[in-house]
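# Architecture and fold: a report
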Amino acid sequence: DAGVTQSPTHLIKTRGQQVTLRCSPKSGHDTVSWYQQALGQGPQFIFQYYEEEERQRGNFPDRFSGHQFPNYSSELNVNALLLGDSALYLCASSLAGGATNEQFFGPGTRLTVL
Amino acid sequence: GIQVEQSPPDLILQEGANSTLRCNFSDSVNNLQWFHQNPWGQLINLFYIPSGTKQNGRLSATTVATERYSLLYISSSQTTDSGVYFCAAHNDMRFGAGTRLTVKP
């Protein structure tokens, strides 16, 4: 049973650049959520995708956008990178309409903005 | 939105000791999970527990939804239990700030 996978593992960018992070959900899951975790803090919810639509969004600017593909995998795009975007980006998957809303997390992508 | 508070922020134990971690939330929840984050950043599911009590080995959890809190119990702690423990509530998974547990040999 494949778990949640994310790529790349690490990424270094410079201010002003754009970045795309990728996530494949756990087998059988159809919903993907993205989180940002700054050093020493808890993860912060960015947005959630279901049926290729953004279903919920946290308090993040429009520089953060996403996409979900027909196979349920997802991308997180961040434009005009700022130093403060340096963080661990976590993807979680779940099954809408399942017995529970339990979310399972991938290993994360560590983004460093110089 | 819902607020999630965890206590204590830091906890240092001797191997073999027991501990209780607390999670308070400001509104009713329909989804509450406990996680252990390992040193590499991976969030490991411990419990999905919007209400009631569950046990898994040395770990157990209780959520009293009507009083808006959840407790995570760790018994006979081991050095491998070290790390940060998070609770997360509600559909958009509002995380607390975590409890950093250090278990000394």
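Just so it is clear, the structure is predicted and the values come from calculations on it, not from any experiment.

## Some words on the sheet that holds strand β8 (residues 74-78) of chain A
Hydrogen bonds between backbone groups are what pair the strands of a sheet, and the pairing can be parallel or antiparallel. Residue and element names in this part refer to chain A. An order of β1-β3-β8-β7 is seen for the four strands of this open sheet, with the pairing classed as antiparallel. Two strands lie at the open edges of the sheet, namely β1 (5-7) and β7 (64-68), each paired on one side alone. Taking each pair of neighbouring strands and ignoring which way they run, the sheet shows an average axis angle of 20 degrees. Where β7 lies against β8, five bridges are found, and the strand directions are antiparallel.

## Details of the nonpolar core
All names here are of chain B. Among the nonpolar cores identified, the biggest contains 21 residues, and C23, L32, W34, L72 and L101 are the most heavily contacted of them. When residues of this core are traced back to their parent elements, those giving at least two are β2 (10-14), β3 (19-25), β4 (32-37), β7 (59-64), β8 (69-74), β9 (83-89) and β11 (99-104). The residues touching L32, leaving out its near neighbours within four places in the chain, are C23, F25, F47, Y48, I49, P50, T63, S70, A88 and A89.

## Details of the environment of L71 of chain B
All names here are of chain B. Along the chain, L71 turns up in strand β8. Taking relative accessible area as the criterion, L71 reaches 12% and is therefore assigned buried. Along the primary structure L71 and P9 are separated by 62 residues, whereas in three dimensions their C-alpha atoms are 14 Å apart.

## Considerations on the sheet that holds strand β1 (residues 4-7) of chain B
All names here are of chain B. The strand order β1-β3-β8-β7-β6 describes an open sheet built from five strands, whose pairing is antiparallel. Both outer strands of the open sheet, β1 and β6 (52-56), are each paired with one neighbouring strand and no more. The average angle at which neighbouring strand axes cross in this sheet is 15 degrees, direction not considered. Sheet topology places β3 next to β8; six bridges connect them, and they run antiparallel. Within β8, the residue paired with N24 across the bridge is Y69.

## Thoughts on the state of the cysteines
One pass over the full model with this rule turns up two disulfides over all chains. Shown here is the disulfide that connects C23 of chain A with C91 of chain A, its sulfur atoms set 1.7 Å apart. Residues C23 of chain A and C91 of chain A are joined through a disulfide that is left-handed, its torsion about the S-S bond being -55 degrees. Within this pair, whereas C23 of chain A is found in strand β3 (residues 19-24), its partner C91 of chain A is found in strand β9 (residues 87-94), the two being separated by 68 residues in sequence. Of the two residues, C23 of chain A and C91 of chain A, both sit in the buried class. One disulfide bridge connects C23 of chain B with C87 of chain B, the sulfur atoms lying 2.0 Å from each other. On the sign convention where negative means left-handed, the S-S torsion of about 75 degrees between C23 of chain B and C87 of chain B marks this disulfide as right-handed. In this pair, C23 of chain B sits in strand β3 while C87 of chain B sits in strand β9, placing the two residues 64 residues apart along the sequence. In this structure C87 of chain B comes out as buried when scored by relative accessible area, which is 0%.

## A look at the pairing of β3 of chain A
Residues and elements named next belong to chain A. With three bridges connecting them, β1 and β3 associate as antiparallel partners. Note that in β3 the partner of T5 across the bridge is S24. The sheet contact formed by β3 and β8 spans five bridges and is antiparallel. Its bridge partner lying in β8, C23 is registered against S74.

So, how was this worked out
- Residues numbered from 1 in each chain as written.
- Chains lettered and ligands numbered in written order.
- Predicted model: local features only at pLDDT ≥ 70, side-chain atom pairs only at ≥ 80, totals over all residues.
- Heavy atoms only, no water.
- Pairing = 2+ DSSP bridges.
- Helix = DSSP H or I, 4+ residues; strand = E, 2+ residues; numbered from the N terminus.
- Axes fitted to C-alpha atoms, helices over the stretch in contact; angles between N-to-C directions.
- Core = buried A, V, L, I, M, F, W, Y, C linked by side-chain atoms within 4.5 Å.
- Buried < 20%, exposed > 50% of the residue type's maximum accessible area, 1.4 Å probe, protein only.
- Contact = heavy atoms within 4.5 Å.
- Disulfide = S-S within 2.5 Å.

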